[in-house]
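Read off the chains here:
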Amino acid sequence: MSRLSVPKTYKLAIGGAFPRSESGRTYVVTSPAGEFLANASLASRKDARDAVVAARSAQAKWAGATAYNRGQVLYRIAELLEGRRAQFVDEIVQSEGVTAAVAGAQVDATIDLWVWYAGWADKYAQVAGNGNPVSGPYFNLSVPDATGVVAAIAPQDRTGVSLLGLAAVVAPIVLSGNTVVVVANEAAPLSAISLAEVLATSDVPGGVVNVLTGSPAELAPWLASHADVNALDLAGAGSIADGAWVDLQITAAETLKRVLPPVEGAPAPSLERITAFVETKTVWHTKAML
Amino acid sequence: MSFLEYAPAPESTAILNLRDSYGLFIDGEFVDGHGAAFATISPSTEKRIAEVACADASDVDRAVAAARRAYDRTWSRMSGADRGKYLFRIARLIQERARELAVAESLDNGKPIKETRDVDIPLVAAWFFYYAGWADKLEYAGLGSSPRALGVAAQVIPWNFPLLMLAWKIAPALAAGNTVVLKPAETTPLTALLFAEICQQADLPAGVVNIITGAGETGRALVSHDDVNKVAFTGSTPVGREIARAVAGTGKKLTLELGGKGANIVFDDAAMDQAVEGIVSGIFFNQGHVCCAGSRLLVQENVHDELVDRLKTRLSTLRLGDPLDKNTDIGAINSREQLDRIRALSDIGEQEGAERWSPACEIPSNGFWFAPTIFTNVSTSHRIARDEIFGPVLSVLTFRTPEEAVAKANNTPYGLSAGIWTEKASRMLALADRLRAGVVWANTFNKFDPASPFGGYKESGYGREGGRHGLAAYLEASGWQAPIESSPASPRSGRKARKAVAK
Amino acid sequence: MTIDHPVALAPADRAVRLLGGDLTEKALRLHLDGLTGVDAVGLEARAANLATRSIKTSSKAWALDTIISTCDLTTLEGADTPGKVRSLVAKAVMPDPSDPSCPRVAAVCVYGDMVPYAVEALGALHGDPDHGLVSVAAVATAFPSGRASLDIKIADTREAVAAGADEIDMVIDRGAFLSGRYGLVFDQIVAVKEACRRVDGSFAHLKVILETGELQTYDNVRRASWLAILAGADFIKTSTGKVSPAATLPVTLLMLEVIRDWNRLTGERIGMKPAGGIRSSKDAVRYLVTVAETVGEEWLVPHLWRFGASSLVNDVLLQRQKMTTGHYSGPDYVTVD
């Protein structure tokens, strides 16, 4: 006699809490073969707004944490992912329709990616910043500083990226002290929500990573036009509709957001993804013995 | 007699050998433009200096084509060392012709000769010297082992530091291996045209630098030209926005240096006399035509009255008048249009209830002038505390605690500059961390150096000019690939996507 | 340094008015340590900026005459003799024998034992420089080091005043100042000021030399300036000329700022004397610009402004001759002393 399973409810992740969409809407998530997997929350523009508010209120404190601390928090995510590996493999198998081996490879890549980025937290500033030998009695130092609140569209491909793509977008954004509102893979959002649950039980402060499930086409314009969003990562926006991401970039120009254009697949880990969302701040101070 | 009046000490214009009219500098030669030529005038006298050609779309095409040819055939194939040598040559020629350039700049822009002579032109030479040395060292710029030039750069610069902004744009672009088409502001084309002559004297290969003159229409045609790989703009935030929209989806790399509303924060323990000097140079340097000007003075409430009093005393020694007089501190406003804007915003300041003060100073009858002005009793909600005035107008606000100072300083859509005046180093550093501004000057203000990156947060634009960071604006990184496996990522074609949504 | 028992300081009007009647070293220290700091880079940048003023034609002519008429023509050598002093006085009263329109200097500045010779040589021309006469200034208080007991310093001062010195240039005890004994420095200035009292009850003017080259930091210079003014200085003076660096433009600017602040506070005008190292007209003109733009050009009169110099006058004379004749002059056309 087999035991009756207890299905999981997948909700949004905003400000450290897991609310349903304020709109009450859900959408059906299926496997590639069409089998019902779950009812995911269909986030609305108001959920996006709430997520931006949560991200903003968490940003200063997160950026103010020591880089060592942010690095440890990110590493802790990798540890927890490792411990819940089976769950993620299972979700990827279901929602992407791939074999356990393929899904396992994606989970492993995701864990390694967190570890790689975690190590950057207290190093990227040394690579991206430097002292400047100005001609005069001044101490002059350029250091990178988080841009602020970043909105991101996770890669939307049907296979290979549902977990890895989200992590590859989120990790480089948050490690420098940004907070993020990320729209998960629309068709395969389950592992994204589970990842958010991992974050909530790790040491990531509420509001640092906010995950919305639903339609990028519906949510992205609101995020692109939101005046309190400082930057836009359009990694997965290429698939919204042919060329629609250009309109997002045009919208983003209104408040001079920094914009990263779409990529194919999950963005490869790189220092450039970190520095895309930092501002170089140069501080001058007078120097004198007298 | 009054000693302080100082007898006139005019810099001679005899050193200038200007032509009556200037063409466009395309492919190494001056050629006629197809737009309607216009006169550039001296803002201090409203007298005509020279006639300048106007580039229309066909001229922009020609200039971009010349830059493309020069890029493909010459500049991209030349060794970094040789590119560097050309830039060193240019730097030397600028030093040799420094006085002439200083006089031309003062004449055309209206800024005091003291500033063009001691600040603008020396920095121009320094900028070329600095980037000249980078040309054969790009692999050390932190952009991977083989960073690549972008191609043709379209550069549009403002009128506040005409030749210096040209140097900020052209020096790193050329060092990185790009060719350029640059458009100076329509009210200040003169020194860019003299720079074209310098390129000829340096024997710079034809087409590597092209200078086209004209107004907004010319600039629009240039930045939206299909065969341009890079757009760099310094100017107002509204125009920056327009350019960001025009460039969206094209894959052109874009850097923007836009407006600002810098906060100059003075604590009660500050070195007061030096703070007063910093406030003065922060907002009255270059008639306040400075994007990073300290246009908002945030002063700790317990020293407000004393500081304002000292500031007023100090302003009374500022000398406004002939830009070519070596003792002039405040020159002319660059254009009637800008003067009208400064007047309008100042009038709004008064209507909003702020208290307006200017020192007694004689305003010349011809030309465009605006006396240094301080507004006290300014609230954060006043327009003079929020809008960039781009003139010699200071808004004074107060704060009570460091926390309030940070909150007020950051309470603006801009994020270019900020100043901190305190003798307490720990507070200075903590404040510098919290200020959302690309340049923070502590116990100094309005200092520039080719080795020091400059640029803004938020609506003050993006990208940096100056230093190693300034090279990133003109290079494609060769990339760091993480040594771990993940699915390959490649950029989607932007331009194709753009066409799909053609409007 | 803690002060367990407040030590009462000698009464000095200004200090009592500013700090209260029961003047203690603690009160003095609290005041001096409470002064805001000086940013050296900003101060020097401001001085450099003032130095770029271009002084031409009529302004230059006025400036050159002002330099001469506010100059303390100085000889402070171990080898000084009555003859040398007489020669100095001759130069002081007629700096340019070829041009009677050339003004007289403000004072001759000599060691105390030379005062009688200077007074004698000046004769009827001895008097108030504000009225075109020449006064006699004497360095005192164990100049230049100041390393002597207070009694000696007082005797040194009294003797010079008795011999007819109109002005006393005293040195502060830099050792005491640097070790934080502000009260001691204060008391000594007050005592020397008292020693400047003549039999008729009037005072010889007191110039207090801070020896800024030994104080080194600008914060020290500012504190010492306040200290000297509070103790009763009529003038504050940069240097003895025996220590390098002597007068510099930034130090002079800083001291003028203190003078300006004292004036804002009390309405009282304190004099300023940079001394040592100012040798060219061009340099001296920069000082005049600094005075005019910091405290106001009304300070450019002998009772509020002096140059302490020995060779400066000759360079000014060469410039004057150039302005009068239109040709460059040469050192053989001005007198060696």
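Throughout what follows, the structure given in this document is the object of discussion. (Residues numbered from 1 in each chain as written. Chains lettered and ligands numbered in written order. Predicted model: local features only at pLDDT ≥ 70, side-chain atom pairs only at ≥ 80, totals over all residues. Heavy atoms only, no water.)

Some thoughts on the overall build of chain B
And step 1. In terms of regular secondary structure, chain B is built from 15 helices and 19 strands.
And step 2. Taking 503 residues into account, the globule formula puts the C-alpha radius of gyration at 23 Å, and chain B, at 23 Å, falls close to it.
And step 3. On the principal axes, the C-alpha backbone points of chain B span a range of 65 × 65 × 45 Å.
And step 4. The buried share among the 503 residues of chain B stands at 65%.
And step 5. Sequence-distant contacts in chain B: of pairs separated by 6 or more residues, those separated by 24 or more amount to 76%.
And step 6. When the accessible surface of chain B is totalled, it reaches about 17,200 Å², and 49% of it is carbon and sulfur.
And step 7. With 56 positive and 59 negative side-chain charges, chain B shows a separation of 6 Å between the mean positions of the two kinds. (Helix = DSSP H or I, 4+ residues; strand = E, 2+ residues; numbered from the N terminus. Rg over C-alpha atoms; globule rule 2.2 N^0.38 Å. Buried < 20%, exposed > 50% of the residue type's maximum accessible area, 1.4 Å probe, protein only. Contact = heavy atoms within 4.5 Å. Areas by Shrake-Rupley, 256 points an atom, 1.4 Å probe, with all protein chains shown as cover. Lys, Arg positive; Asp, Glu negative; His and termini not counted. Charge placed at Lys NZ, Arg CZ, Asp CG, Glu CD.)

Overview of the interface of chain C and chain B
And step 1. Contact with chain C, which involves 29 residues of that partner, is made by 31 residues of chain B.
And step 2. Interface area for chain C against chain B, summed over the two sides, is near 2,400 Å², with a carbon-plus-sulfur share of 47%.
And step 3. Looking only at chain C, the three residues that lose the most surface to chain B are C:Arg53, C:Arg264 and C:Glu297, adding up to 23% of its buried area.
And step 4. Our count for the chain C to chain B interface comes out at 6 salt bridges.
And step 5. Notably, a salt bridge pairs C:Arg222 with B:Asp273, separated by 3.3 Å at the nearest N-O pair.
And step 6. Counting the contacts that link chain C with chain B gives 14 residue pairs in polar contact (both at pLDDT 80 or more). (Buried area = accessible area lost by both parts, 1.4 Å probe. Salt bridge = Lys/Arg side-chain N within 4 Å of Asp/Glu carboxyl O. Polar contact = N/O pair within 3.5 Å; in protein donor to acceptor, adjacent residues only side chain to side chain.)

Quick look at the interface of chain B and chain A
And step 1. Of the residues lining the interface, 59 residues belong to chain B; the matching set on chain A comes to 56 residues.
And step 2. Summed over both partners, the interface of chain B with chain A buries about 4,600 Å², with 55% contributed by carbon and sulfur atoms.
And step 3. Of the charged contacts in the structure, one is a salt bridge between A:Glu254 and B:Arg241, with a shortest N-O distance of 3.9 Å.
And step 4. Our enumeration of links across chain B and chain A arrives at 27 residue pairs in polar contact (both at pLDDT 80 or more).
And step 5. The set of elements that each furnish at least two residues to the side of chain B that touches chain A consists of helix 8 (237-247), helix 13 (425-434), strand 18 (439-442), helix 14 (467-472) and helix 15 (494-500) of chain B.

Topic: the pairing of strand 2 (residues 107-111) of chain C
Residue and element names in this part refer to chain C.
And step 1. Of all 5 residues making up strand 2, 4 are buried, and the element is well covered by its neighbours.
And step 2. Between the parallel elements strand 1 (residues 71-74) and strand 2, the chain passes through helix 5 (residues 82-93) in a crossover that is right-handed.
And step 3. One ladder, built from 5 bridges, connects strand 2 with strand 3 (residues 135-139); its direction is parallel. The residue bridging alanine 107 from the neighbouring strand is serine 135, located in strand 3.
And step 4. Considered for its hand, the β-α-β crossover made up of strand 2, helix 6 (residues 115-122) and strand 3 is right-handed. (Right-handed = clockwise from strand over helix to strand, strands pointing away. Pairing = 2+ DSSP bridges.)

Section: the packing of aromatic side chains
And step 1. This model, assessed by the stated rule, comprises 26 aromatic pairs over all chains.
And step 2. Ring centres of B:Phe25 and B:Phe30 lie 5.3 Å apart, and the angle between their planes is 50°; this geometry places the pair in the tilted category.
And step 3. Its relative accessible area of 2% is what places B:Phe25 among the buried residues.
And step 4. In this structure, B:Lys230 is placed above the aromatic ring of B:Tyr474, and the distance from its NZ or CZ to the ring centre is 4.9 Å.
And step 5. The ring of C:Phe235 carries C:Lys207 above its face, with NZ or CZ at 5.9 Å from the centroid. (Phe/Tyr/Trp six-rings, centres within 6.5 Å; stacked < 30°, edge-to-face > 60°. Lys NZ or Arg CZ within 6 Å of the ring centre and 35° of its normal.)

Some words on the environment of B:Leu138
Residue and element names in this part refer to chain B.
And step 1. Considering the arrangement of structural elements, one finds leucine 138 in the loop between helix 4 (113-134) and strand 6 (148-149).
And step 2. For the pair leucine 138 and alanine 149, spaced 11 residues apart in sequence, the C-alpha to C-alpha distance is 9.9 Å.
And step 3. Excluding residues that lie within four positions of it along the chain, leucine 138 makes contacts with Arg83, Pro147, Ala175, Ala176, Leu471 and Leu475.

So, the pattern of salt bridges
And step 1. One pass over the structure, following the stated rule, counts 70 salt bridges over all chains.
And step 2. A salt bridge links A:Arg273 to A:Asp233; its shortest N-O distance comes to 2.5 Å. Taken together, the residues span a long stretch of sequence, with A:Arg273 in helix 10 (residues 271-275) and A:Asp233 in strand 8 (residues 231-233) at a distance of 40 residues.
And step 3. The exposure class of A:Asp233 is buried, given its relative accessible area of 0%.
And step 4. Counted as one network, the salt bridges with shared partners bring together B:Lys114, B:Glu277, B:Arg314, B:Asp329, C:Arg46, C:Arg53 and C:Glu293.

A closer look at the sheet that holds strand 4 (residues 38-41) of chain B
Residues and elements named next belong to chain B.
And step 1. If you trace the 3 strands from one edge of the open sheet to the other, you get 1-5-4, paired in mixed fashion. Of all strands in the sheet, those with a lone pairing partner are strand 1 (21-22) and strand 4, marking the two edges.
And step 2. Where strand 4 meets strand 5 (residues 48-52), 4 bridges bridge the pair, whose relative direction is antiparallel. The residue of strand 5 that forms the bridge with isoleucine 41 is arginine 48.

Digging into unusual backbone geometry
And step 1. Put simply, C:Phe143 and C:Pro144 share a cis peptide bond, and its omega is 0°.
And step 2. In this structure, C:Pro245 follows C:Ser244 across a cis peptide bond, with omega equal to 0°.
And step 3. Relative to the elements of secondary structure, C:Pro245 occurs in the loop between strand 6 (235-237) and helix 12 (249-266).
And step 4. A positive phi angle is found at B:Asn286, which is not glycine, with a value near 60°.
And step 5. Along the chain, B:Asn286 falls in the loop between helix 9 (272-284) and strand 13 (296-300).
And step 6. By relative accessible area, which is 0% here, B:Asn286 ends up buried.

Brief notes about the sheet that holds strand 8 (residues 307-309) of chain C
All names here are of chain C.
And step 1. Pairing within the open sheet is parallel, and its 8 strands lie in the order 7-6-5-4-3-2-1-8. What marks the edges here is a single partner per strand, and that holds for strand 7 (271-273) and strand 8. Mean inter-strand twist for the sheet, computed between neighbouring axes without regard to direction, equals 25°.
And step 2. Examined bridge by bridge, strand 1 and strand 8 share 3 bridges and lie parallel to one another. Each residue of the ladder has a partner; that of leucine 73, found in strand 8, is alanine 309. (Axes fitted to C-alpha atoms, helices over the stretch in contact; angles between N-to-C directions.)

Some points on helix 6 (residues 164-174) of chain A
And step 1. Buried residues dominate helix 6 of chain A, accounting for 11 of its 11 residues.
And step 2. Of all the residues in helix 6 of chain A, the buried ones are A:Leu164, A:Gly165, A:Leu166, A:Ala167, A:Ala168, A:Val169, A:Val170, A:Ala171, A:Pro172, A:Ile173 and A:Val174.

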